[in-house]
Amino acid sequence: MVENGIGARTKRKEDARFLTGKGTYTDDINRPHQTHGVFVRSPHAHARIKKIKADKALKAPGVIAVLTGADMVADKVNSLPCGWLIHSKDGSPMVEPPHIPLAPDKARHVGDHVALVVAETRNQARDAAELVEVDYEPLKAVVRVGDADKPGAPLVHDQAKNNICYDWHLGDKAAVDEAFKKAAHVTKLDLINSRLIPNAIEPRSAIAEYDSANERYTLYTASQNPHVIRLLMGAFVLGIPEHKLRVVSPDVGGGFGSKIPHYAEEAILTWASKKVGRPIKWTAERSESFLSDTHGRDHVSHVELALDKDGKFLGLRVATKAAMGAYLSTFASAIPTYLYGTLLAGVYTTPAVYVEVKALFTHTAPVDALRGAGRPEACYLLERLVERAAWETKTDPVELRRKNVIPKSAMPYQTPVALQYDCGDFVKNLDDAAKAIGWASFANRREESKKRGMLRGIGVSHYIEACGIAPSAVVGALGGRAGLYESAEVRFHPTGSVTVFTGSHPHGQSNETTFAQIVASKLGVPIENVEIVHGDTDRVPFGMGTYGSRSIAVGGSALVKAIDKVIAKGKKIAAHQLEASEADIEFKDGVFRVAGTDKQKAIGEIALSAYVPHNFPHETTEPGLDESAFYDPKNFTFPSGCHICELEVDPDTGKVAILRFVAVDDFGNIINPMIVEGQVHGGVTHGIGQALTEACVYDAESGQLLTGSMMDYCMPKADDVPSFEVATNVVPCTHNPLGVKGCGEAGTIGSAAAVINALLSALAPLGVKEFDMPASSHRVWQAIQNASRKAAD
Amino acid sequence: MYSFAYHRPASLKDAAATFKKGSESRFVAGGHTLLPSMKLRLVHPSDLVDLGGVAELKGIKADGGTVVVGATTPHADVARDAKVAKAIPALAKLAGGIGDPQVRNRGTIGGSLANSDPAADYPAAVLGLGATIKTDRREIKADDYFKGLFETALGDGEIITSVSFPVPEKSGYAKFANPASRYAIVGVFVAKTKDGVRVAVTGAGPCAFRHKEMEKALAASFKPDAVAGIKVKADGLNSDIHASAEYRAHLVTVMAKRAVAACG
């Protein structure tokens, strides 16, 4: 057994540089002759841009250029593309309005890009940006997704009638209608899934430069997927071929999905760098991040569940309005459809499911992936509904779930909404979590709280998610405009060290450690001798990046495939040197051995001979030990789990305190339990953030962002969460070589519903039945007041 | 941030003189409100006069009857000062609950009072204890100091030098913090002094104010129950995305109860 191999709680290789401030983020990079860019952003949610006067700005000290949408149009710069084509119910393709990176005619959200000012220093650019005179004609805005398709609502894009981007559906409507006819009980619920702002700790940042000698561009950008940016910006927006464009994403300080999209700033800076002939650097200020990073969630849904007299689920009907914001961001269209509708069977045997999703434009920042992307929305809706059904039918919530859970014996399980789950033990997840929290003895704890004047509640959320979107052929058939494989190259060096080049691109996921652990286990090389290289299109093979909890499941699998090729080649070399047949060579713990003998060669010796091929099977084998692989998964992976939250509400103030949080998760095999626990802690905190504290608030009339700073947008803090009780229930994935499933989003997907279900359990004695996130003290107190007023009437 | 001239005088006299010379001078102590506003380009001082170099403004003194806190004394010093903890434990507790450790080690009592943010903690203690604000020109009684939203009795260029707190018989502070900023949505400071009971509220209104009805009730019976039934009117109270005026009004009563309970 190798030290620090698969399964070890290896300390993170990244920590030495990250914890001592030695990381290299985009803003740490400075290029010779660099200039600084500052964006003039729209102060209006919706306004016609009548005229832009830049003469004063151009005369300001240090100013090099002021560029506008008109310049982009003159240069024939194209629209930012959307990566997934969704078709409406009637077969028509979604409406894809143009999105020229600098708005040429209209500003469509507060923070929309109107001009770029380039100057010698950042402060000079900021000063000059204030001198750019933009003549706006303010127009009425539509801000709330629930209002966007109402007759007479202001249009975000003239092409999109009633602001509808698409009107999509999935499932068998007739079967669902039939199920509701047979129902003994129907539970209905109206829900809002609140809009969130991702707030990665590192703001977005980019430096673009043009090398006129080689006619080549380089873009440094804080991105989760540099190859995707190169492809989208090069091929679709600016018309730069791959060999003339390098995209580098160095260390990236968090993303949560907000660094997936190809942003306007990247294209504007790259285009402008050639115009000004010097590198241009831009780093978002925190207020800019709030306004211009893609936001997440923002759904309004009506949902109905049909049950028979025994509490078996017969059918589920879901109607959702999902905000796209002002423009279609890179993966925006896929999130409330193929990452949401397909998850609505959940862990249950519900035979008929029908979901309709209307995607609507609003005069707000674009909405795209945010940790879980679609799956938290699905889980929240379903688990709120199931809890409500339990309450209405006076059934224990755990019992009702147990009655409807897909049994392990039913695997693989085809859901009525396209997905086929390969494996999972949902009953065990539920039972383990219920046991860990002490489900059966909750009543005693509630009594104890009551004595102290507190309201105690308990809530369950039983989730499944789909990670590592795949396979590419299916993605393509569903409208995806990309492949969703991953790449890896394993370069075994002559003296025994290894460099791995991966298309995955961690921004907090610790892949430099876990990928090295895979190499250590499979090749018997100490992790100190393994370097993981990522984030540079000139260095790593074409790959799709890190999001959707895909790195281990897809990138890790590509790595294993490349490692297998190294081993296979090593066997050929060893067989030659040990004068044995290749079939007789075994490889274990870094040693090639002729089976049943003591004849052996260490992998380091084999590597050296691959590069110094004196004694080498030249007839059959090329020198070198450097192998590449691409891996296209056969299916999604399906992590699942059960979260149970126990909390107390102070009825005097409405303050919610989470007392305990149990998470039992199935992530398949685990490479590094310490890192997985960290991901669960962070993910659950993210979900608790949505449930209790976070919410993006725009003024409904003006479209001004009211939560535009950390003073008003409440990120969860360490003292908002308890010490988590986490456990895993390992059911290895059946279709990838490591048996892994992914863990980065699970905590967020499962947790919010558990918290709100617990809150409603606490407030049930007061008659509170409805609640939308966030459960801020004020909103909880208000709900208590409303319920007591109702009771008094 | 726009450019500005920076000065760090060593004496109070120099500070006042330097201030006068600038066209739009501002004093800076901890800078917790001023610097973020400057970074956001919302304010544009011509001159920043840093009071951090004036030694006489910093420090804590206590005799039998009063605790005197120098204007540039950071919150953390007040929170961990043994003399304060002994004489007015509620004041130490209040200082220890402002912001976070970074804020407490930079932010100062003088800065907090000069700015008079409606949600700041210190105004509750100053008003609740009937403190005296000493400046380079005069002494101002707490009851005369808070005038309105970010508005105080300070004149242009007037420098707070120290705050003198009379030691009460007992006192207590209860704060309901804004979850995002940790400022007070409502904070209530209650003190039983030789001149009577004082109840001061911060966070709820445009500036800190006293609640006379509660003071009367507590003078009759200094117990949490004495204020429990007092309904605070929402009229004129602050309302924002974090808390409506009605919620703040309700919290004033709850926090008053808790502040009395905290008096021990």
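Values in this document were obtained by computation on a predicted structure and should not be read as measured data. (Residues numbered from 1 in each chain as written. Chains lettered and ligands numbered in written order. Predicted model: local features only at pLDDT ≥ 70, side-chain atom pairs only at ≥ 80, totals over all residues.)

Peer 1: Hey, could you run me through the packing of helix H9 (residues 375–392) of chain A against helix H18 (residues 746–763) of chain A in this one?
Peer 2: Packed helix pairs are characterised by how far apart their axes lie and by the angle those axes make with each other. All names here are of chain A. Where H9 meets H18, the closest approach of the two axes is 8 Å, and the angle between their N-to-C directions is 30°. Taken together, the axes of H9 and H18 are roughly parallel relative to one another. In terms of crossing hand, the pair formed by H9 and H18 is right-handed. Counting all contacts with H9, which are made through Arg375, Pro376, Cys379, Tyr380, Glu383, Arg384 and Glu387, the residues of H18 involved are Thr748, Ile749, Gly750, Ala752, Ala753, Ile756 and Asn757. A breakdown of the residues in the contact of H9 with H18 according to their chemical character gives seven nonpolar, three polar and four charged. (Axes fitted to C-alpha atoms, helices over the stretch in contact; angles between N-to-C directions. Helix = DSSP H or I, 4+ residues; strand = E, 2+ residues; numbered from the N terminus. Parallel < 35°, antiparallel > 145°, perpendicular 65-115°, else oblique. Left-handed = near helix turned anticlockwise from the far one by under 90°. Contact = placed C-beta atoms within 7 Å. Nonpolar A, V, L, I, M, F, W, Y, C, P; charged D, E, K, R; others polar.)

Peer 1: Before we go on, may I ask you to explain the nonpolar core in this structure?
Peer 2: Burial of nonpolar side chains together is a common tendency in soluble globular proteins. Ranked by internal contacts, the top residues of the largest apolar core, which has 333 residues, are A:Val117, A:Val519, A:Val755, A:Leu759, B:Leu91 and B:Val188. With residues near it in sequence (within four places) discarded, A:Val519 still touches A:Val498, A:Val500, A:Val525, A:Val530 and A:Ile563. (Core = buried A, V, L, I, M, F, W, Y, C linked by C-beta atoms within 7 Å. Buried ≥ 20, exposed ≤ 12 C-beta atoms within 10 Å, placed from the backbone.)

Peer 1: Looking at this structure, how should I read unusual backbone geometry?
Peer 2: One can expect most non-glycine residues to show negative phi and most peptide bonds to be in trans. Residue and element names in this part refer to chain A. Residues Met411 and Pro412 are joined by a peptide bond in cis, for which omega reads -5°. The amide bond that connects Met773 to the next residue, Pro774, takes the cis arrangement and shows omega of 0°. Its place among the elements puts Pro774 in the loop between H18 and helix H19 (777–792). The phi angle at Glu215 is positive, at roughly 50°, despite the residue not being glycine. Summarising the element assignment, Glu215 is placed in the loop between strand S9 (205–211) and strand S10 (216–221). The phi angle at Ser510 is positive, at roughly 70°, despite the residue not being glycine. Within the element layout of this structure, Ser510 appears in the loop between strand S20 (498–502) and helix H14 (511–523).

Peer 1: Hey, could you run me through the confidence of the model for chain B in this one?
Peer 2: One rule of thumb: low pLDDT means the predicted coordinates there are not for detailed reading. Averaged over every residue, the pLDDT of chain B is 97; the share at 70 or more is 100%. This prediction of the complex comes with two scores: 0.97 for pTM and 0.95 for ipTM. (pLDDT = per-residue confidence, 0-100.)

Peer 1: For this particular structure, what's the right way to read the interface of chain A and chain B?
Peer 2: Many structure descriptions define interface size as the accessible area lost when the parts assemble. Contact residues are listed per partner, giving 13 residues for chain A and 11 residues for chain B. Per-class residue counts for the side of chain A that touches chain B are seven nonpolar, four polar and two charged.

Peer 1: Teacher, can you tell me more about the sheet that holds strand S1 (residues 5–7) of chain B here?
Peer 2: Two pairing modes exist for strands in a sheet, parallel and antiparallel, and in both the strands are linked by backbone hydrogen bonds. Residues and elements named next belong to chain B. Pairing is parallel across the open sheet formed by three strands, whose spatial order is S1-S3-S2. Two strands lie at the open edges of the sheet, namely S1 and strand S2 (25–28), each paired on one side alone. Between one strand axis and the next, the sheet turns by 20° as a mean value, whatever way the strands run. Here three bridges tie S1 to strand S3 (residues 47–50), and the two strands are oriented parallel to one another. Pairing of His7 across the sheet is with Val49, part of S3. Relative to S3, helix H1 (residues 12–21) is tilted by about 175°, and along the sheet it contacts S1, S2 and S3. (Pairing = 2+ DSSP bridges.)

Peer 1: Help me understand the sheet that holds strand S14 (residues 209–210) of chain B in this model?
Peer 2: Residues and elements named next belong to chain B. Strand order in the open sheet made by the four strands is S11-S12-S13-S14, with antiparallel pairing throughout. The strands lining the two open edges of the sheet, one partner per strand, are strand S11 (170–177) and S14. With two bridges connecting them, strand S13 (residues 196–202) and S14 associate as antiparallel partners. Residue pairing across strands places Val201 opposite Phe209, the latter belonging to S14. Strand contacts of helix H5 (residues 89–96): S11 and strand S12 (184–193), with the helix running at about 20° to S11, the strand carrying the most contacts. Of the strands in this sheet, S11, S12 and S13 touch helix H12 (residues 245–262), which is tilted by about 40° from S12.

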